[in-house]
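# Residue-level structural notes
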Amino acid sequence: MGPVCPLARLPVGPFARYSVCRFMIVPYVSFNGLDTAVGQLARRHPLPAASLPASRATKSNLLRDRIYGHTAYRANGQTGQRANGPTGKRANGHTTPFPSGIPHPGVIDPPTMKIALIASPYPLEEAPSPPLGLCYAAAACEAAGAQVIILDYIVSQYTPEKLAAALDAFQPDVVGTNSVTMNFKGAIKIMQDVKAHRPEIITMMGGPHVSFDAPNTLTRYPELDLIVIGEGEATLAELIPVIQSRPTWHDIRGIAFRDKGRVITTPSRPPITDLGTLPLPARHLLPVSRYLALGFPVSIITSRGCPNKCIFCQGRRMVGHKPRFRSAKVVVDEIEHILSYGFTWINVADDLFTASKRRVKEVCDEILRRGVKFVWSAFARVNTVDPEMLAMMKAAGCDSIGFGVESGNQGILDLAQKGITKEQIQRAVAWSKEAGLRVHASFIVGLPGESPETLAETSAFAQALDVDYGYHLLSPFPGTTIKEDIHNYDLEILTEDWDRYDANQAIVRSSRLSPQQMDAFVAALYQEHEAKTREAEARYQQGQCPPEELIWLEAGYRLKLVFALLSKDLIDGAPLKTRDHGDPAAALIAHVLSATQMNPSLVQRTVSDLIQKGYVKYKTVPGGINWYWTHNCRQETFALAS
Ligand code: B12
Ligand code: SF4
């Protein structure tokens, strides 16, 4: 499998970009024609042909805080309960506060520690989906006895004012966030806003970017108190109970912080050996309805670790070289848990799901034994699959598989220590097709050895594979071999502006290739597609699209519209007046239409669909109505224990 999680070129304008994310198979458009793609999303989220009646606002006695604008709430605080998961047991799936096997000095009981975790924004082009690592971190904090909320600014608008209101309402002791490199600057800005508003709050970060840039980050950003390096659960289990006593930080492995102006990095922590001891990711804290409305698949991790040594990969450094597997039972328990929220599409995002054939068989058998019906995709390495494995996956509901192919030039594959051959790529693709799987291939442009000739070779190879494919541009992330040993590779890194580390623009140059040449190569692939998109859009405007094309176009427009509703807080606005429109749904539709200026029929059908599915509801307030996003299918609003 391969990183630079490349990909993700999503249709946005409506389909300026297309995608095959190495880490998630997202709605994409086949480069071989207009026939697919976003249509994949469309089939899962068909738009109704006509508008549906608005659902009634349900009675709520919750005190609403302005956290997601209007949709997060303080409630059940009187009881001091923690939020329960759908099973009624502890939300993390454990009946005891501590997963066994993780060292921990104690829990905070009764829970007095309050932790707000922030999901930092990133763009639609990167396929926003429930933040898995943050949910694992949240579950670990809950297991340590803290009261936790997630403030999700991936699917709601971030403003410092909203943050301040949320902090005032919840009064957290600790605020944490994470980021990849490309959205680090946005994430650290939020930490700065936290400190500016309430200097007494302890701020912390985790995740792949800061794990490999900790001293630099702490030196440059005094507003950040502490960084959790690498895998977070075991560290958080020890840290959270003592986090307010700074001298004890020296004794916690796997963190970095400042002490008297010096950055201290404590000894590293070995990987967690038994993943079965971990609490389930705390998805009950997420604004699930918003993610359902958006419609991307939910990621699950069934294992951690990868023995390979691809030089561009940061993931392998995060998770260690030894694959560690969760049991098939626990994996399918989590799958059922995810499906119980209404999701129907899961992305198995392991670094190397196909590392063990026996294990793949166990997971597939367990899915089939329980009769769990859902569609899923997975990433794989071409030299770890065989026809039998692929057939098992298909039988268990897998419909697509993503391969990190990286290059069509064998010399580049070897230099990148990818450990695969072109023959293995061709064979794996052929087997996958025979098994009935849709295949996605992800390439990296700008690896060591790249030249105009190798680019031409890659282009020909990619086309000959006859699969959906996409290019990403090399992004030498902190912690990767390629960044650390850049001088060995005839490459020069042109910027440390982390905003530009999105793998969608060239930020390296070699003696044989300029960044402009790399960008032009990638752009050429998309230009052809953009031309086709423009033609389709013209037909759409004239009402002349064939049915498949219409589905495809509308899925892209719907995605844009829903993301606008979320990221601009268009639903959670000021109270709407109904008197001019008669009914609440009409008032909302009129409001969205005027805010987005999008096609009236599409707006009407999309908004009606969101209402009909219960993702948005309204309540009557003096002078009008308030529309809001529900929390999930069980909890209309998000209850915070106080
Ligand atoms: C699944 C995945 C995705 C999925 C789903 C992400 C999601 N919704 O959660 C999708 C496809 C959407 C995706 C998209 C992208 N991804 Co991605 N992705 C991954 C992958 C394979 C697994 C991540 C994961 O969930 N791991 C499991 C959890 C448990 O681990 P974790 O996230 O690291 O979290 C742990 C710790 O970091 C820590 N922690 C996490 N959060 C917090 C917060 C606090 C406060 C604390 C204390 C601790 C803490 O505790 C957690 C539990 O141990 C990784 C590879 C990898 N192995 O890391 C790449 C990876 C993270 N992705 C990467 C990239 C680049 C991207 C994209 C930019 C795509 C692109 N253009 O290339 C986008 C950006 C989207 C975004 N902002 O996240 C890079 C990041 C490199 C970097 N430094 O930027 C990685 C490392 C792959 C690589 N290239 O090596 N990705
Ligand atoms: S090291 Fe492993 S996870 Fe990283 S790209 Fe290579 S095979 Fe994939």
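The structure contained in this document is the topic of the report that follows. Only a predicted model underlies this, so the values are computations on that prediction, with no experimental measurement involved.

Helix and strand counts for the protein chain stand at 20 helices and 21 strands. Taking the contacts inside the protein chain whose residues are at least 6 apart along the sequence as the reference set, 74% of them involve residues at least 24 apart.

Okay, the sheet that holds strand β5 (residues 174-178) next. Reading across from one edge, β4-β3-β5-β6-β7-β8-β9 is the order of the seven strands in this open sheet, with mixed pairing throughout. If you trace the sheet from one side to the other, it starts and ends with β4 (147-152) and β9 (262-265), each paired once. The mean inter-strand angle of the sheet, taken between neighbouring strand axes irrespective of direction, is 25°. Two strands pair when backbone bridges link them, and strand β6 (residues 202-206) and strand β7 (residues 226-228) are joined in this way by two bridges, in the parallel orientation. Its bridge partner lying in β7, M205 is registered against I227.

Attention now moves to helix α11 (residues 357-370). Relative to the 20 Å expected for 14 residues at 1.5 Å per residue, α11 spans 20 Å between its end C-alpha atoms, a close match to the ideal helical length. Of all the positions in α11, only V360, V363, C364 and I367 are classed as buried. Angularly, the buried residues of α11 cover 95° about the axis, an arc narrow enough to put them on a single face. Of the residues in α11, the exposed ones pointing more than 90 degrees away from the buried face are R358 and R369. In this structure, the buried side of α11 is in contact with α10 (328-339) and α12 (387-395). One or two positions beyond α11, positive phi appears at G371, with a value near 65°.

A few words on the site of ligand 1. In the vicinity of ligand 1 there are 53 residues, among which G133, G176, G206, G232 and G315 approach most closely. Those elements giving two or more residues to the shell around ligand 1 turn out to be α2 (132-143), β5, β6, α5 (208-211), α7 (233-239) and α9 (315-319). With five residues, α2 is the largest single contributor of residues to the shell around ligand 1. Mapping the shell around ligand 1 onto the domain boundaries places at least three of its residues in each of domain 1 (35-64 + 297-538) and domain 2 (75-265).

Spatially, six strands are ordered β10-β13-β14-β15-β16-β17 in an open sheet, and the strand pairing comes out parallel. Two strands lie at the open edges of the sheet, namely β10 (298-300) and β17 (468-473), each paired on one side alone. Averaged over all pairs of adjacent strands, the angle between their axes in this sheet comes to 25°, without regard to strand direction. Sheet topology note: the strand β13 (residues 345-348)/strand β14 (residues 375-380) ladder contains four bridges and is parallel.

For α2, built from 12 residues, the straight-helix expectation of 16 Å at 1.5 Å per residue is met to within 8% by its first-to-last C-alpha distance of 16 Å. Within α2, 10 of the 12 residues are buried, which leaves the element mostly enclosed by the surrounding structure. L134, C135, Y136, A137, A138, A139, A140, C141, E142 and A143 are the residues of α2 that are buried. Phi turns positive one or two residues past the end of α2, at G145, with a value near 100°.

Glancing now at the environment of F184. Within the secondary structure, F184 sits in helix α4 (residues 184-197). Here F184 falls in the buried class, since 25 other C-beta atoms lie within 10 Å of it. Along the primary structure F184 and V210 are separated by 26 residues, whereas in three dimensions their C-alpha atoms are 8.3 Å apart. When residues no more than four places from it in sequence are discounted, the contact partners of F184 are S179, H209 and W498.

Turning to the pairing of strand β8 (residues 255-259), a few remarks are in order. Regular strands place side chains that alternate from one sheet face to the opposite one. Examined bridge by bridge, β7 and β8 share three bridges and lie antiparallel to one another. Each bridged residue has a counterpart across the sheet, and for I227 the counterpart in β8 is A256. With four bridges joining them, β8 and β9 adopt antiparallel strand pairing. Opposite R258, over in β9, you have V263 as the bridge partner. Linkage of β8 to β9, two consecutive antiparallel strands, is achieved through a turn of two residues, within which K260 is found at a positive phi near 50°.

Ranked by internal contacts, the top residues of the largest apolar core, which has 179 residues, are A138, C141, I227 and V445. The element that contributes the greatest number of residues to this core is helix α18 (residues 547-567), accounting for 10 residues. Leaving out residues up to four positions away in the same chain, V445 has contacts with E450, L455, Y471, H472, L473, L474, M518, F521 and V522.

Moving on, we get to the pairing of β6. A large share of β6 lies buried, amounting to four of its five residues. Two strands pair when backbone bridges link them, and β5 and β6 are joined in this way by five bridges, in the parallel orientation. Within β6, the position partnered with T177 by the bridge is M205. As for the winding sense of the linkage, the β-α-β connection from β5 through α4 to β6 is right-handed.

Let us now look at the environment of L576. Inspection of the secondary structure assignment puts L576 in the loop between α18 and α19 (584-596). In this structure, the C-alpha to C-alpha distance between L576 and W627, residues 51 residues apart in sequence, is 8.0 Å. Excluding residues that lie within four positions of it along the chain, L576 makes contacts with A587, L588, H591, G624, I625 and W627.

What follows deals with unusual backbone geometry. Of note, D466 is a non-glycine position whose phi angle comes to about 55°, a positive value. When you line up the elements, D466 lands in the loop between α15 (452-465) and β17. You can call D466 partly exposed: it has 14 C-beta atoms within 10 Å. A positive phi angle is found at Q597, which is not glycine, with a value near 60°. Along the polypeptide, Q597 turns up in the loop between α19 and α20 (600-612).

Rules of the game
- Residues numbered from 1 in each chain as written.
- Chains lettered and ligands numbered in written order.
- Predicted model: local features only at pLDDT ≥ 70, side-chain atom pairs only at ≥ 80, totals over all residues.
- Helix = DSSP H or I, 4+ residues; strand = E, 2+ residues; numbered from the N terminus.
- Contact = placed C-beta atoms within 7 Å.
- Pairing = 2+ DSSP bridges.
- Axes fitted to C-alpha atoms, helices over the stretch in contact; angles between N-to-C directions.
- Expected span 1.5 Å × (residues − 1).
- Buried ≥ 20, exposed ≤ 12 C-beta atoms within 10 Å, placed from the backbone.
- Arc of directions from axis to C-beta.
- Near = placed C-beta within 6 Å.
- Domains from an automatic or database assignment.
- Core = buried A, V, L, I, M, F, W, Y, C linked by C-beta atoms within 7 Å.
- Right-handed = clockwise from strand over helix to strand, strands pointing away.

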